[in-house]
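Report on the structure
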Amino acid sequence: MSHKWLPPAELTASGRPLLTAGEVECFTISAVDIEPEGDSPAHFTCKSGVLVLTTHRLIWISDSIHENGAVYIPLSRITHIFSHKKSLKSIFASPRVRFQLSVSSSGHLDPNVSVSGTGSGSRSRSIVVTLVMRGKADNHDLFVTRFWEAWRGRAWESLSPDSGPRTGQSSGAVGSDVVGVAAVSSVAIRMPVVGVAGILRKEQEMWESTDKSLQDAFQDLNALMSKAKEMVMLADKMRQKLLSGSNNQASAASDEEMGSKEEMQDWLLSVGIISPVTKESAGALYHQQLSRQLADFVKIPLERAGGMINLIDIYCLFNRARGTELISPDDLLQACSLWEKFDVPVMLRKFESGVMVIQNKSHSDDEVFARIKALVLKSDALRTGVSASDAAMTLGIAPAMAKEHLLNAESKGLLCRDISPDGFRFFVNIFYEIDQDNAYLVRGNGIYATWVASAINSSS
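From a predicted model like this one, the values you see are computed outputs, not experimental measurements.

A word on the overall build of the chain
Along its length, the chain carries 15 helices and 12 strands. Taking all 460 residues of the chain together, the buried fraction comes to 36%. Just so you have it, the chain exposes about 27700 Å², and 57% of that area is on carbon and sulfur atoms.

Right, dumping it as C-alpha cells:
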C-alpha cells in the first residue's frame, strides 16, 4: 500500500468505517487526495478516496478496486489548521485544506504516541499535510467548516465525571443573575405606549418575545437530542456486553434467562443508530453511504428472520433505528439497488408476484424447498394440503413470506395449488409420477403410492 505512514482504519463488511465508542460521523466527501508536503520517501500520497470526517478522526477510504485499503488521521495529532487564502490561482485550482500534523521521528503517525512524543519515549516532528478535494461537489466550504468545528470541539477528550455538577452550579449562578435583572426591569417604570412609536415598540417587543420562545424551544430540542445520543451509546454498550456475556455463559444459563437476554438484545437493537447517514453529512454520496450502512444494519435482522426479510419490515426497523433522521421509501429502494455495485453479503430480490425482499447471498431456495416438501408429505398434508399459515409455522417466518415460498415452489413443479373459498391450499405434485397410458396404475413406491395409501386410510 502507498500510505503505510498512516495507521490502517477498520471497515465493516460493506466498506463503511468502523467507529469507536463515542465517535460520530460528521461529513463525507469524495475524490480527496492526502498529499504530505516535503521530499521524505516515507510519505506517499493517498490518491482519490472517500474522506469521512468524524468527531475523532479523518478516515480516508480508497476508491481503487485493486487497493481496498483505509487509513485515518487522528484529529488529536493535528496541531494547527492553516487559514485558506483566496487568490486568483486558487479560483481555478482544486480546493485545498492545509494542516500541521505531528508524526514520529521516522515520519510515521503512531496514534499511541502523544503530540509531544513522550508516550513512547521518542521524539516527534511536524509535517504539513494538504487535503486536495478534486470532486465537482459544491460543499467544499461546508466540509472545511465542519473540519474546524470537529477539531475545535475536541470530542476525543473524555469529560470528567464530576464536570456535570460544576456545570449545573455555573448555570444556576447565571440563572440567578438573569432573575435579578428581570426583577429590576419589572420594577422599572414603563413608558406609556403612545402614537406610532409606541405601536412600533410594542411590535418589537412581541417579536423579541417570539424569538426568545423559539430559542428556548430549540435549546430544549438540542438538549433532548444530545441526551438521546447518550442513551443510544449506552444501549449499544449494554447490547455488546449482553452479546459477550451470552457467549461466555451460554452453557450455564437456563432457557428462560437466555430468552430474556435475547429479548433485551432486540429492544436495545431497535433503540437507534449512533451515527446515521444523512444528506447533510454525506452530500452527493448520500445514497452510496446509505446503501453501505443499510447492508451493515440488516445483518442481525436477517439472521433472526432466517436469511430473508420483507422490504417493508426493513423499512420500519431501519427508520425506527434512525430516530429523527427518517428516510423515504424511494431512498430505501435506491440504496438497496446499489448493492449490485458493492461487494456486500446481501441482495435485493423480487418475486414474480412483485413482492420485494432482502436476503443473504448465501441463502438457498433448495433448503426452503426441502423443508416445504417434508411438510407436504406428512399424512395430514397429503389429505388436506397446507396453507400459508402452516408453512409459516414450519419455516418460522411471516405468512406473507411463506406464501411467496409456496408459490415459488409451485413454479418449480414441486407443489400444486387448490383455490377454494377457504383460500389457497398447496399439495405435493404427483402428476409427473402418473403414467399417461395407464392413469390407474399405482407403483409400489413413490409419492403417488403414499398419497393413495393416505387417502385409503382416511376413508376407512
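Remarks on the confidence of the model for the chain
Looking at the chain as a whole, its pLDDT mean stands at 76, while 66% of the residues score no less than 70. This stretch, residues 159-194, has a pLDDT under 50; its non-local contacts, to residues over four places away or in other chains, come to seven contacts.

With respect to the nonpolar core
Generally speaking, soluble globular proteins have nonpolar side chains that are buried together. Formed by 31 residues in total, the largest nonpolar core has its most connected members in Leu-58, Ile-78, Phe-99 and Leu-101. Listed by contribution, the elements that provide at least two residues to this core are β1 (25-36), β2 (46-54), β3 (57-62), β4 (70-74), β5 (78-81), β6 (96-104), β7 (124-133) and α2 (140-153). Among the nonpolar cores identified, the runner-up in size contains 26 residues, and Tyr-286, Phe-297, Ala-321 and Ile-358 belong to it.

Details of the pattern of salt bridges
In this structure the tally under the stated criterion is 12 salt bridges. In this structure, Arg-349 and Asp-365 form a salt bridge, with 2.8 Å as the shortest nitrogen-oxygen distance. Placement of Arg-349 in strand β9 (residues 346-350) and of Asp-365 in helix α11 (residues 365-376) is noted, with a sequence separation of 16 residues between them. Take Arg-349 and Asp-365: they sit in the same class, and that class is buried.

Focus on the packing of α11 against helix α13 (residues 388-395)
Packing of α11 against α13 brings their axes to within 10 Å, and their N-to-C directions diverge by 120°. As the angle between them shows, α11 and α13 are arranged oblique. Considering only the axes of α11 and α13, their crossing is right-handed. Contacts between α11 and α13 involve Val-368, Arg-371, Ile-372 and Leu-375 from the former and Asp-390, Ala-391, Thr-394 and Leu-395 from the latter. Grouping the constituent residues of the contact of α11 with α13 by class yields five nonpolar, one polar and two charged.

Side note on the side chain of Ser-387
By the element assignment, Ser-387 lies in the loop between α12 (379-384) and α13. Beyond its immediate chain neighbours, meaning those up to four positions away, Ser-387 contacts Leu-406, Phe-424 and Arg-425.

Points about the packing of helix α7 (residues 286-297) against helix α9 (residues 311-322)
For the pair α7 and α9, interaxial distance at closest approach is 12 Å and the crossing angle is 105°. Judged by the angle between their axes, α7 and α9 are roughly perpendicular. Only Ile-314, Leu-317, Phe-318, Ala-321 and Arg-322 of α9 make contact with α7, whose side of the interface consists of Leu-290, Gln-293, Leu-294 and Phe-297. When grouped by side-chain class, the residues that make up the contact of α7 with α9 number seven nonpolar, one polar and one charged.

Some remarks on the pairing of β4
Among the five residues that make up β4, five are buried, leaving the element largely enclosed by the rest of the structure. Neither face of β4 is left uncovered, since the one carrying Ala-70, Tyr-72 and Pro-74 and the one carrying Val-71 and Ile-73 both have all their residues buried. In the sheet, β3 pairs with β4 via five bridges, with the strands oriented antiparallel. Each residue of the ladder has a partner; that of Arg-57, found in β4, is Pro-74.

Focus on the packing of aromatic side chains
Across all of its chains, the model carries six aromatic pairs by this definition. Ring plane angle 15° and centroid distance 6.1 Å describe the contact between Phe-143 and Phe-147, whose orientation is recorded as stacked. With Phe-143 and Phe-147 both in helix α2, this residue pair falls four residues apart, about one helical turn. Judged by its relative accessible area of 0%, Phe-143 falls in the buried class. On the basis of relative accessibility, which here comes to 0%, the residue Phe-147 falls in the buried class. Judged by centre distance (6.1 Å) and plane angle (80°), the ring pair of Trp-148 and Trp-151 falls under edge-to-face. Residue Trp-148 and its partner Trp-151 are located together in helix α2, separated by three residues, close to a single helical turn.

A short note on the sheet that holds strand β8 (residues 308-310)
Backbone hydrogen bonds are what pair the strands of a sheet, in a parallel or an antiparallel way. Strands sit in the order β8-β10-β9 across an open sheet of three strands; the sheet is antiparallel. The open sheet is flanked by β8 and β9, the only strands paired with a single partner. Neighbour-to-neighbour, the strand axes of the sheet open up by a mean angle of 30°, direction not taken into account.

Brief notes about helix α10 (residues 329-337)
Asp-331, Leu-332, Ala-335 and Cys-336 are the residues of α10 that are buried. Taken end-on, α10 shows its buried residues confined to a sector of 130°, consistent with a single buried face. Looking at α10, the residues exposed on the side facing more than 90 degrees away from the buried face are Pro-329 and Asp-330. Residues of α10 that are buried in the fold lie against α6 (279-282), α7, α9, β9 and β10 (356-360).

Digging into the sheet that holds β6
Read from one edge of the open sheet, seven strands run β4-β3-β2-β1-β7-β6-β5, paired in antiparallel fashion. Each edge of the open sheet carries a strand with a single partner, namely β4 and β5. On average, adjacent strands in this sheet sit at an angle of 35° to one another, irrespective of strand direction. Bridge count between β2 and β3: five bridges; the pairing is antiparallel. The partner of Gly-49 across the bridge, within β3, is Ser-62. Most of the contacts of α2 go to β5, to which it runs at about 135°, and overall it touches β1, β2, β3, β5, β6 and β7.

Cut-offs and rules
- Residues numbered from 1 in each chain as written.
- Predicted model: local features only at pLDDT ≥ 70, side-chain atom pairs only at ≥ 80, totals over all residues.
- Heavy atoms only, no water.
- Helix = DSSP H or I, 4+ residues; strand = E, 2+ residues; numbered from the N terminus.
- Buried < 20%, exposed > 50% of the residue type's maximum accessible area, 1.4 Å probe, protein only.
- Areas by Shrake-Rupley, 256 points an atom, 1.4 Å probe, with all protein chains shown as cover.
- pLDDT = per-residue confidence, 0-100.
- Contact = heavy atoms within 4.5 Å.
- Core = buried A, V, L, I, M, F, W, Y, C linked by side-chain atoms within 4.5 Å.
- Salt bridge = Lys/Arg side-chain N within 4 Å of Asp/Glu carboxyl O.
- Axes fitted to C-alpha atoms, helices over the stretch in contact; angles between N-to-C directions.
- Parallel < 35°, antiparallel > 145°, perpendicular 65-115°, else oblique.
- Left-handed = near helix turned anticlockwise from the far one by under 90°.
- Nonpolar A, V, L, I, M, F, W, Y, C, P; charged D, E, K, R; others polar.
- Pairing = 2+ DSSP bridges.
- Phe/Tyr/Trp six-rings, centres within 6.5 Å; stacked < 30°, edge-to-face > 60°.
- Arc of directions from axis to C-beta.

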